[in-house]
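Now for the letters of each chain:
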Amino acid sequence: MELIFATSNKHKLSEAKGIIGNQISLVSPESLGIFDSIPEDEPTLEGNALFKARYLWQINKMNVFADDTGLEVEALNGSPGVKSARYASEECDAGLNMQKLLKELNGVKNRKARFRTVIALILDGREYLFEGIVNGTILENKSGTGGFGYDPLFLPDGYTKTLAELTFEEKNLISHRGLALRKLAEFLKTI
Ligand code: ITT
C-alpha cells in the first residue's frame, strides 16, 4: 500500500521509513508533485495534524498521515508546545529556538519537559489519531550534533546522552515520533 506522509522534513521522512517502511511504501507530497505549504495555525497538535492530513486527502483521496510535535516544558506551562517550530521567529531556526528556550529557563530549577507527537491518519476517508510521548529534562548546554530541532538540549529520562547524541536507531526506539509511528504501524498491520 502507498501512504503519503504529509511532511516537508526529510529527516522525519527517513525516520518514518525506518519504522514503517518495510510494510508500506511511504511517499512525500513532493514526490507526487504537491509543493503546497500547508498552514499549521491550529491551537493544538491534534488540530494541526488533522488539518494537514485532511488538506492532502482532499487533493487526491490517497491514504495519508500527518504529524505534529511539540516540546512541552513544565515550568513554561507547556510552551513552546504547538509553537515549537516558530518559537523564536518565523524562520523556524533551531539554533534561535534553543537560544530562546535557554533564556526562558535561565535560573529555573524545574527543567522537566516532554516531546509529544500526534499522528492523524486518514484511511479510506476514516480518521484516526495516535500519540507518542518521551519525558526528559532540558539541559543548560547543548550536547551532540545528531537529530534536529531541540535534540541537543533534551536528555530523555533514564539516559546519559541527549537525543542529539543517540544514533538514528537509538532515537527512533525511544522518541515521541518513534512511539507514535509504531502505534500507527501496529494499526496498519491489523487492516
Ligand atoms: P513538518 O511540519 O514539515 O512536518 P516540522 O519541522 O515543522 O516539519 P513538526 O511540526 O513535527 O516538524 O515539529 C515542530 C517543531 O518541533 C520542529 O520544527 C522542531 O523544532 C521540534 N521537533 C519536532 N520533532 C523533534 C525532534 O524529534 N527532536 C527535536 N525537536 C523536534
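Quick notes on the rules
Residues numbered from 1 in each chain as written. Predicted model: local features only at pLDDT ≥ 70, side-chain atom pairs only at ≥ 80, totals over all residues. Heavy atoms only, no water. Near = heavy atom within 4 Å. Polar contact = N/O pair within 3.5 Å; in protein donor to acceptor, adjacent residues only side chain to side chain. Areas by Shrake-Rupley, 256 points an atom, 1.4 Å probe, with all protein chains shown as cover. Helix = DSSP H or I, 4+ residues; strand = E, 2+ residues; numbered from the N terminus. Nonpolar A, V, L, I, M, F, W, Y, C, P; charged D, E, K, R; others polar. Buried < 20%, exposed > 50% of the residue type's maximum accessible area, 1.4 Å probe, protein only. Expected span 1.5 Å × (residues − 1).

(A) Molecular detail of the site of the ligand. Lining the immediate environment of the ligand, one finds 18 residues, of which Thr 7, Lys 12, Asp 151, Lys 171 and Arg 177 sit closest. Within the side chain of Asp 68, one N or O atom sits 2.9 Å away from an oxygen atom of the ligand. Take Lys 171: an N or O atom from its side chain is 2.7 Å from an oxygen atom of the ligand. Burial of the ligand by the surrounding chains reaches 90%, relative to a free accessible area of 590 Å². Counting only elements with at least two residues in the shell around the ligand, the list comes to β3 (64-73) and α5 (176-189). For the shell around the ligand, a count of residues per class yields 4 nonpolar, 7 polar and 7 charged.

(B) Expanded view of unusual backbone geometry. Each neighbour pair has its own omega, and for Ser 79 with Pro 80 the value is -5°, a cis peptide bond. Assignment of secondary structure puts Pro 80 in strand β4 (residues 80-81). The backbone of Lys 61 shows a phi angle near 55°, a positive value even though the residue is not glycine. For Lys 61, a relative accessible area of 48% translates into the label partly exposed. Backbone geometry at Asn 77 places phi at a positive 55°, although glycine is not the residue there. Tracing the chain through its elements places Asn 77 in the loop between β3 and β4. Since its relative accessible area comes to 76%, Asn 77 is described here as exposed.

(C) View of helix α2 (residues 45-60). When the terminal C-alpha atoms of α2 are compared, their 24 Å separation across 16 residues agrees well with the 22 Å that a helix rising 1.5 Å per residue should span. Every buried residue of α2 is accounted for by Leu 45, Gly 47, Asn 48, Ala 49, Leu 50, Lys 52, Ala 53, Leu 56 and Trp 57. Immediately beyond the C-terminal end of α2, within one or two residues, lies Lys 61, with a positive phi of roughly 55°.

Function-wise, these values are silent; they only describe arrangement.
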